[in-house]
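Reading the structure
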Amino acid sequence: MRAFFDLWDQVPVALQDVLLMCVLLAPAVVAGIVVMRGYRPLQLVGAMLWRYRWTNALFVALIAVSVGIGVGLIAQERGLRKGTARAAEKFDLVVSAPGSEVQMLLAAVYLQPVDVPLIDGPTWEKIATHENVALAAPIAYGDSFGASPIIGTTAPFVTHLAGELAGGRMFASLNEAVAGARAPLGVGDTFTPAHGIGDSAESDAHAGHSLTVVGRMPATGSPWDKAILVPVESVWSVHGLASGHAPGDDRIGPPFDPAFFPGTPAVLVRADQLWANYALRSEFTSERTMAFFPGAVLASLHAMLGDVRQVMSVMAVLTQVLVAAGVLAGLVVLTRLYARRLALLRALGAPDRFVFAVVWCYAAALISAGAVLGVAVGLLAVEAISRVVTARTDILVEASLAWPEFHLVAGFVSLTVLLALLPAFNAVSRNIITDLRG
Amino acid sequence: MNRRTLLIGVGAGLVATRAAAEEVVNMRDLYNKDLSFSDYAKARAGQRIAASGFMAPPLKAESSFFVLTKKPMAVCPFCDTEADWPDDILAIYTKRTVEVIAFNVQIVVRGALELGTWTDPELGFVSRVRLTDATYERA
Amino acid sequence: MSIPHLRVRDLTVTGDGGRLLLSVNALDIAPGSRIGIRGPSGAGKSTLLHAIAGLVRAASGAVRWGEADLAAMNDAERARFRREHVGLIFQDFLLFEELSAAGNAALAAAFSASSRRGAIRAGADAMLGHLGLSDHSKRSVSTFSGGERQRVAVSRALAGDPAIILADEPTASLDRAAADRLIDDLAKLASDRGKTLVAVSHDAALHARMDRVLDVVDGVLVAGA
């Protein structure tokens, strides 16, 4: 047995998926071959399907909807996980004032601001000058323009986040900004930041300060696509704070002078050494600061989601089984509609196994059609829900069906076509003469 | 009925048998005192081995990479220093997307042993020893 | 198989709860003869037909077609006997409405041994042609008149070239003209091809074309011989 598992572990993932699919479908295929061997029932099955086409269509639709919901749920959950993970992937380690990791994750990564104490100059200095830190950047949120949050940061962070700019150039002075791909401002547009975000924003609090967009980021699939990024000195300046540099020094960008560093709610830290990330997290978890991996927080949220998914999967499977059971009970009733024709076949000398094959093929056709249609339903549902979620959260969710869904459908098909043997048995155990009289 | 549940259903008992029967590598056995690779490690390079340990909180969600630590990786102000790192951790590149297991639950990882410094092109992390194409389960 | 001689001896057929439905002391039908069965409704005519078709199991006695005793066979064996040697025709045709005339006539090809499929299809086409339906063989039978439908049913019964044709009220659902044509077709087919024909019917016109007519009254074959 161990040899089998070791062998299985060495099989490439794609092949594992294909093999598993085959294993899951095998019962259905084997049953089909065994049941149909030596006979040609398909023409008759076609005739039966056509005779009660609306009833049959209803059955197929029921199966399709239940399969579609199950498949859609699983795909959507995975799409959400992938989308949120991609939106967070540039954020290796975030340092902030002690508080809630989840809140800070929402604030710093997904730009859902929360009011927290600031990281002060000496702490910043300690982070920025740490030998293992490759990149440290302030994430100073709080202002907005319309629905776009304005984030004060540094040029290296913009490059880290989005890579090469899609247009224009990097901000180079206090009055310049780089817009996200979906921000409502183009290169050359001028705007005045509002204090705060959302309905409570005070649009005239920063009157007199006007900034010009000089560059545009490519799409990142995260809420940052809506954001407007400015030099952190600009945020400090519109709030009347120190500039981060000694008086007379008009540079923007790091290094900042800790004595004139007004503070930032969060700092993004990146280390190139794997172990250093863990070490830095440990080092900056102190009385004054909290350090966390957004990815780890997200992963634990996902793990929780995963538990919910398990429950949802069980529920989805249960619904599917219930629907299948309903459909099979319906099939027993349906086979009564066909009872006279089936009795005729037996009167003409058709072997029981042939009649069995006709009923089973008929059921299998409904189930298979429902399953295939269900995949289509799931695909459409996932497409639609993803669009809504993306629009609402600005997190690009690209859910699509993948192997787990196909495995689920294959398992469902196999299970139900095996269950469909029951109505088939029922059909051949009826009395020929009684049924023949109609 | 996802794949995991299914496989657990099919193979729960068998997995237990397997775990009991195989040789599980101790991470320290992969190094000599001077942090060069041990003969033991060299002899098994490229082969699939099993190692037990704990899953450090992953740096990224939905990745296929995690760090296997010898001791549970809580936030421990006394032990997370550089000195402990090289021979106490193993970089794991998994076959499928990592499903997080709590940092204090012992797991067994099976994968192909790779030696030598390598920089992850996507994550940018440098590792000296890795298990690739790995699968893992609760010990 | 050569056309067998039917010998029924001491046959009883019982219904639910052991109620006696039919008893036949002795019935002999010579190969190639045409036999009518008549009697009041519920007297057991159809049960007799079902018994010699092997559709119902005899409670006692023997139903021997040549060497084959249907009373001693199980369901599967009797089904095989019907498949190979019996053509059945019913009062209300019992066609598959969604299939073409050819599809209905060659129905047995779907469940017969692959070696016989070709012969059954050819036989079905030939019968449809013989009965004047070859121009319509691809049409769905749902568009057919009653007479046409029964001719399709006759084609189905004879497609496999069975030695025995059993008909249960074949003309009862037809108008007079269609009924007369059907009687003519059936009688000719049976005599030209040397089939044994047994037809349960109220129809005097059908009785007139038979070699012999038997009466079943109160579950008993009266004019047996």
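Basis of the calculations
- Residues numbered from 1 in each chain as written.
- Chains lettered and ligands numbered in written order.
- Predicted model: local features only at pLDDT ≥ 70, side-chain atom pairs only at ≥ 80, totals over all residues.
- Heavy atoms only, no water.
- Helix = DSSP H or I, 4+ residues; strand = E, 2+ residues; numbered from the N terminus.
- Rg over C-alpha atoms; globule rule 2.2 N^0.38 Å.
- Buried < 20%, exposed > 50% of the residue type's maximum accessible area, 1.4 Å probe, protein only.
- Contact = heavy atoms within 4.5 Å.
- Lys, Arg positive; Asp, Glu negative; His and termini not counted.
- Charge placed at Lys NZ, Arg CZ, Asp CG, Glu CD.
- Pairing = 2+ DSSP bridges.
- Phe/Tyr/Trp six-rings, centres within 6.5 Å; stacked < 30°, edge-to-face > 60°.
- Axes fitted to C-alpha atoms, helices over the stretch in contact; angles between N-to-C directions.
- Parallel < 35°, antiparallel > 145°, perpendicular 65-115°, else oblique.
- Left-handed = near helix turned anticlockwise from the far one by under 90°.
- Polar contact = N/O pair within 3.5 Å; in protein donor to acceptor, adjacent residues only side chain to side chain.
- Salt bridge = Lys/Arg side-chain N within 4 Å of Asp/Glu carboxyl O.
- Buried area = accessible area lost by both parts, 1.4 Å probe.
- Expected span 1.5 Å × (residues − 1).

Moving on, we get to the overall build of chain C. Helix and strand counts for chain C stand at 7 helices and 10 strands. Taken against the 2.2 N^0.38 rule, which gives 17 Å for 225 residues, the C-alpha radius of gyration of chain C at 17 Å falls within 12% of a compact globule. Considering only C-alpha atoms, chain C reaches an extent of 45 × 40 × 35 Å along its principal axes. The 225 residues of chain C split such that 57% are buried. Looking at chain C alone, contacts between residues at least 24 apart form 70% of all its contacts between residues at least 6 apart. In chain C, 27 positive and 26 negative side-chain charges are present, and the distance between their average locations comes to 4 Å.

Here we come to the pairing of strand β3 (residues 148-153) of chain A. Residue and element names in this part refer to chain A. Of all 6 residues in β3, 6 are buried, a share of seventy percent or more. Burial along β3 is two-sided: the face carrying S148, I150 and G152 and the face carrying P149, I151 and T153 are both buried. Sheet topology note: the strand β2 (residues 135-145)/β3 ladder contains 4 bridges and is antiparallel. Bridging from a neighbouring strand, D143 pairs with I150 of β3. The turn linking β2 back onto β3 is made up of 2 residues, and G146 within it adopts a positive phi angle of 60 degrees.

This paragraph deals with the packing of aromatic side chains. Residue and element names in this part refer to chain A. Tallied over the full model, the rule gives 20 aromatic pairs over all chains. Aromatic pair Y39 and F354: ring centres 5.5 Å apart, planes at 85 degrees, arrangement edge-to-face. Residue Y39 is located in the loop between α2 (13-36) and α3 (42-51), and its partner F354 is located in helix α12 (residues 352-393); the two are separated by 315 residues in the primary sequence. Each residue in the set W124, W236, F256 and F261 is aromatic and connected to the rest through ring pairs, giving one cluster.

Let us look at the environment of L298(A). Tracing the chain through its elements places L298(A) in helix α10 (residues 294-337). Relative accessible area serves as the criterion here: at 4%, L298(A) is assigned to the buried category. As a C-alpha pair, L298(A) and T153(A) span 145 residues in sequence and 23 Å in three-dimensional space. Leaving out residues up to four positions away in the same chain, L298(A) has contacts with T84(A), A85(A), A88(A), L105(A), Y110(A) and A61(B).

Helix packing geometry: the angle between the two helix axes and the distance between the axes. Residue and element names in this part refer to chain A. Viewed as axis vectors pointing N to C, helix α11 (residues 339-347) and α12 meet at an angle of 150 degrees, and their least axial separation amounts to 9 Å. Classified by the angle between their axes, α11 and α12 sit roughly antiparallel to one another. Our pair here, α11 against α12, has a crossing hand that is right-handed. Along its contact with α11, which presents L342, L345 and R346, the element α12 presents D352, F354, V355, V358 and V359.

Residue and element names in this part refer to chain B. In this fold, S38 is placed in the loop between β1 (24-25) and α2 (39-44). By relative accessible area, which is 5% here, S38 ends up buried. A distance of 3.0 Å separates a polar side-chain atom of S38 from the backbone nitrogen of A41. Apart from residues no more than four positions distant in its own chain, S38 is found in contact with D29, L30, Y31 and N32.

This part takes up the pattern of salt bridges. All names here are of chain A. Enumeration according to the criterion identifies 35 salt bridges over all chains in this entry. Among the ionic pairs, K226 bridges to D394, the shortest N-O distance being 3.9 Å. On the criterion of sequence distance, the pair formed by K226 in the loop between β8 (211-216) and β9 (228-231) and D394 in the loop between α12 and α13 (403-419) is long-range, its members being 168 residues apart. Note on K226: relative accessible area 24%, which makes it partly exposed. Using a relative accessible area of 12% as the deciding quantity, one classes D394 as buried.

Facing the 23 residues of chain A at the interface are 23 residues of chain C. Summed over both sides, the interface between chain A and chain C buries roughly 2300 Å², with carbon and sulfur atoms accounting for 65% of that surface. The largest per-residue losses of area from chain A upon contact with chain C belong to R40(A), R341(A) and L348(A), which jointly make up 25% of the total buried on that side. Viewed at the interface, chain C and chain A are joined by 2 salt bridges. Of the charged contacts in the structure, one is a salt bridge between E98(C) and R51(A), with a shortest N-O distance of 2.9 Å. Remark: the boundary between chain A and chain C carries 8 residue pairs in polar contact (both at pLDDT 80 or more). Listed by contribution, the elements that provide at least two residues to the side of chain A that touches chain C are α3, α11 and α15 (432-437) of chain A.

Another aspect to go through is helix α4 (residues 114-130) of chain C. Spanning 17 residues, α4(C) covers 25 Å between terminal C-alpha atoms, matching the ideal 24 Å at 1.5 Å per step. G132(C) sits one or two residues past α4(C) and shows a positive phi near 80 degrees.

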